[in-house]
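Summary of structural features
Each chain, letter by letter, is given below.
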Amino acid sequence: MIERTLVILKPSALQRGLVGEVTHRFERKGLRLAGMKMMQLTDHLLDEHYAHLINKPFFQRVKDSMMAAPVIACCIEGVDAVQTVRTLAGPTNGRLAAPGTIRGDYSMSVQENIIHTSDSPENAAVELTRFFKPEEMFAYKQVAFDYLYATD
Ligand code: IDP
């Protein structure tokens, strides 16, 4: 099933100069960039985006960290894209994430863990609507598409 998912390159990715490196990993995997934009997150947007963390003691710290610099929001597409992107990202704590994952290779932190990735197809749909207008996401067929999924 072709899915779209939201990836946010967090301020930690921009501060560390990892935007190209992280984006390259998704491209090399065979995932397709359907949308990409730089934006400054706001308190209001983060209240919605991180609503599941609202009662956590670190909620404000996480929001401040997400507003400390601009972010780059990406719409990434592919078969099973939500889980594939989560696997490439690794678990939340960068210190526990396996080498080879984005967080495992570039993060020593729970908070400053380089990227956000949607955790389910349902949440991906909600999050993409929150961060992108319909006309900011683009449908086109990658030339390698038939090779990428040849035996599926
Ligand atoms: P996820 O980003 O791996 O899906 P969530 O539990 O949804 O993890 O948490 C959202 C973000 O909040 C994390 O990526 C991380 O930046 C931050 N966060 C989560 N737990 C903690 C914590 O215990 N301390 C500090 N920041 C945290």
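For clarity, every value in this text was computed on a predicted model and none was experimentally measured.

Looking at the UniProt feature "active site" (unreviewed entry) in the chain
- In the numbering adopted here, UniProt assigns the feature "active site" (unreviewed entry) to H116.
- With respect to the helices, strands and loops of the structure, H116 is situated in strand β4 (residues 115–117).
- You can call H116 buried: its relative accessible area is 10%.

With respect to the packing of aromatic side chains
- Counted according to the given criterion, the structure contains one aromatic pair.
- Relative to Y149, the ring of F145 lies with its centre 5.0 Å away and its plane at 55°, an arrangement referred to as tilted.
- Above the face of the Y140 ring, R32 is positioned so that its terminal group lies 4.0 Å from the ring centre.
- The side chain of K37 reaches across the aromatic face of F132, ending 5.2 Å from its centre.

Describing the site of the ligand
- If you check the shell around the ligand, you find K10, Y50, H52, L53, F58, V62, R86, T92, R103, V110, Q111 and N113 and nothing else.
- Interatomic distance of 2.6 Å between a side-chain N/O atom of T92 and an oxygen atom of the ligand.
- The contact in question runs from an oxygen atom of the ligand to an N or O atom on the side chain of R103, over 3.1 Å.
- Across the complex, the protein chains shield 78% of the 530 Å² of accessible surface that the ligand would expose by itself.
- Among the detected pockets, the ligand sits in the largest pocket.

So, the sheet that holds β4
- The strand order across the open sheet formed by four strands is β2-β3-β1-β4, and the pairing between neighbours is antiparallel. Pairing within the sheet leaves two strands with one partner each, and these edge strands are β2 (32–39) and β4. Sheet twist, expressed as the mean angle between neighbouring strand axes with direction ignored, is 20°.
- Of the strands in this sheet, β1 (2–9), β3 (71–79) and β4 touch helix α5 (residues 81–89), which is tilted by about 35° from β1.

Some details on the pairing of β1
- Counting buried residues along β1, six of its eight residues qualify, which places the element largely inside the surrounding structure.
- Across eight bridges, β1 lies against β3 in antiparallel orientation. What sits directly across from T5, in β3, is I76.
- Examined bridge by bridge, β1 and β4 share three bridges and lie antiparallel to one another. From the neighbouring strand, V7 faces β4, where its bridge partner is T117.

Considerations on the confidence of the model for the chain
- Confidence along the chain averages 97 in pLDDT terms, with 100% of residues attaining 70 or more.
- Interface confidence for the predicted complex, expressed as ipTM, amounts to 0.98; the pTM equals 0.97.

A short note on the layout of surface pockets
- If you add up the space inside the largest pocket, you get close to 550 Å³.
- Around the largest pocket, the lining is made up of 25 residues, and of these Y50, H52, L53, T92 and H116 lie nearest the centre.
- At the level of elements, α3 (43–49), α4 (59–67), β4 and α7 (121–131) are the ones that each hand at least two residues to the lining of the largest pocket.
- A per-class count over the lining of the largest pocket returns eight nonpolar, nine polar and eight charged.

Observations concerning the UniProt feature "binding site: ATP" (unreviewed entry) in the chain
- Here, the residues flagged by UniProt with the feature "binding site: ATP" (unreviewed entry) are K10, F58, R86, T92, R103 and N113. Restricting the annotated residues just mentioned to those that line the largest pocket leaves K10, F58, R86, T92, R103 and N113.
- Turning to its location among the elements, F58 is positioned in the loop between α3 and α4.
- Mapped onto the elements, N113 comes out in the loop between α6 (102–106) and β4.
- Residue contacts for N113: discarding those within four places in its chain leaves K10, S12, T92, R103 and S107.
- A polar contact is formed between the side chain of N113 and the side chain of K10, at a distance of 2.7 Å.

Thresholds applied
Residues numbered from 1 in each chain as written. Predicted model: local features only at pLDDT ≥ 70, side-chain atom pairs only at ≥ 80, totals over all residues. Heavy atoms only, no water. UniProt positions renumbered as here; feature names shortened; annotations may be inferred. Helix = DSSP H or I, 4+ residues; strand = E, 2+ residues; numbered from the N terminus. Buried < 20%, exposed > 50% of the residue type's maximum accessible area, 1.4 Å probe, protein only. Phe/Tyr/Trp six-rings, centres within 6.5 Å; stacked < 30°, edge-to-face > 60°. Lys NZ or Arg CZ within 6 Å of the ring centre and 35° of its normal. Near = heavy atom within 4 Å. Polar contact = N/O pair within 3.5 Å; in protein donor to acceptor, adjacent residues only side chain to side chain. Areas by Shrake-Rupley, 256 points an atom, 1.4 Å probe, with all protein chains shown as cover. 1 Å grid on protein atoms, 1.4 Å probe; cavity = no way out; pocket = protein on both sides within 12 Å on 5 of 7 lines; lining within 4 Å. Sits in = over half its atoms within 2 Å of the grid points. Pairing = 2+ DSSP bridges. Axes fitted to C-alpha atoms, helices over the stretch in contact; angles between N-to-C directions. Contact = heavy atoms within 4.5 Å. pLDDT = per-residue confidence, 0-100. Points joined across faces, edges and corners; volume = space filled by probe spheres on them. Nonpolar A, V, L, I, M, F, W, Y, C, P; charged D, E, K, R; others polar.

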